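Below, each chain spelled out in residue letters.
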Amino acid sequence: MPEPTQPSPRLLLALIMGGLVLWGGYVAVGAYLYNYNPWRGVIVMACVGVFLGFWLLLLWNRGRRQRP
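Below is a short write-up of the structure.

Parameters and conventions
Residues numbered from 1 in each chain as written. Predicted model: local features only at pLDDT ≥ 70, side-chain atom pairs only at ≥ 80, totals over all residues. Heavy atoms only, no water. Helix = DSSP H or I, 4+ residues; strand = E, 2+ residues; numbered from the N terminus. Rg over C-alpha atoms; globule rule 2.2 N^0.38 Å. Buried < 20%, exposed > 50% of the residue type's maximum accessible area, 1.4 Å probe, protein only. 1 Å grid on protein atoms, 1.4 Å probe; cavity = no way out; pocket = protein on both sides within 12 Å on 5 of 7 lines; lining within 4 Å. Points joined across faces, edges and corners; volume = space filled by probe spheres on them. Axes fitted to C-alpha atoms, helices over the stretch in contact; angles between N-to-C directions. Parallel < 35°, antiparallel > 145°, perpendicular 65-115°, else oblique. Left-handed = near helix turned anticlockwise from the far one by under 90°. Nonpolar A, V, L, I, M, F, W, Y, C, P; charged D, E, K, R; others polar. Expected span 1.5 Å × (residues − 1). Contact = heavy atoms within 4.5 Å. Patch = residues over 30% accessible without salt bridge, like charges linked within 9 Å, V, L, I, M, F, W, Y side chains within 5 Å. Areas by Shrake-Rupley, 256 points an atom, 1.4 Å probe, with all protein chains shown as cover. Salt bridge = Lys/Arg side-chain N within 4 Å of Asp/Glu carboxyl O.

### Section: the overall build of the protein chain
Working step 1: Helices and strands together make up the secondary structure of the protein chain, namely two helices and zero strands.
Working step 2: Scaling as 2.2 N^0.38, a compact globule of 68 residues should have a C-alpha radius of gyration of about 11 Å, whereas the protein chain reaches 17 Å, well beyond that.
Working step 3: By principal-axis analysis of the C-alpha atoms, the protein chain measures approximately 55 × 40 × 10 Å.
Working step 4: Counting over 68 residues, the protein chain shows a buried share of 10%.

### Comments concerning the environment of Trp23
Working step 1: Looking at the secondary structure, you find Trp23 in helix H1 (residues 9-35).
Working step 2: Distance in space between the C-alpha atoms of Trp23 and Val48 is 9.2 Å, their sequence separation being 25 residues.

### Here we look at the layout of surface pockets
Working step 1: The volume enclosed by the largest pocket comes to roughly 350 Å³.
Working step 2: Lining the largest pocket we find Pro9, Arg10, Leu13, Leu56, Leu59, Trp60, Arg62, Gly63, Arg64, Gln66 and Arg67.
Working step 3: In terms of residue count, helix H2 (residues 38-66) provides more of the lining of the largest pocket than any other element does, seven residues in total.

### Focus: the packing of H1 against H2
Working step 1: Running from N to C, H1 and H2 cross one another at 160 degrees; their axes reach a closest spacing of 7 Å. Taken together, the axis directions place H1 and H2 in an arrangement best described as roughly antiparallel. Judged by the twist between their axes, the crossing of H1 over H2 is right-handed.
Working step 2: Among the residues forming the contact of H1 with H2, the class breakdown is 19 nonpolar, four polar and one charged.

### Some points on H1
Working step 1: For H1, with 27 residues, the first-to-last C-alpha span of 40 Å sits near the 39 Å given by 1.5 Å per residue.
Working step 2: Every buried residue of H1 is listed here: Met17, Gly24, Ala28 and Ala31.
Working step 3: Against the buried residues of H1 lie H2.
Working step 4: Directly beyond the C-terminal end of H1, a positive phi value near 60 degrees is found at Tyr36.

### Quick notes on a nonpolar patch on the surface
Working step 1: Residues Val29, Tyr32, Leu33 and Tyr36 make up a contiguous nonpolar surface patch of roughly 410 Å² in combined accessible area.
Working step 2: In this fold, Tyr32 is placed in helix H1.

Shown next as structure tokens:
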């Protein structure tokens, strides 16, 4: 019986980040519908973008350090 293959770390990271973007979009729509102020949704998505950008920067820095 063949052993099941493990998903790559890049695929897992992409799925997690995609889920965070979808969740941020859901929260942004809810923030907009709270009082129909479009800036609320923009602020939520900007925070999600900053968080993901910082996370990617840390991952990139870690990968750069691990290579000889």
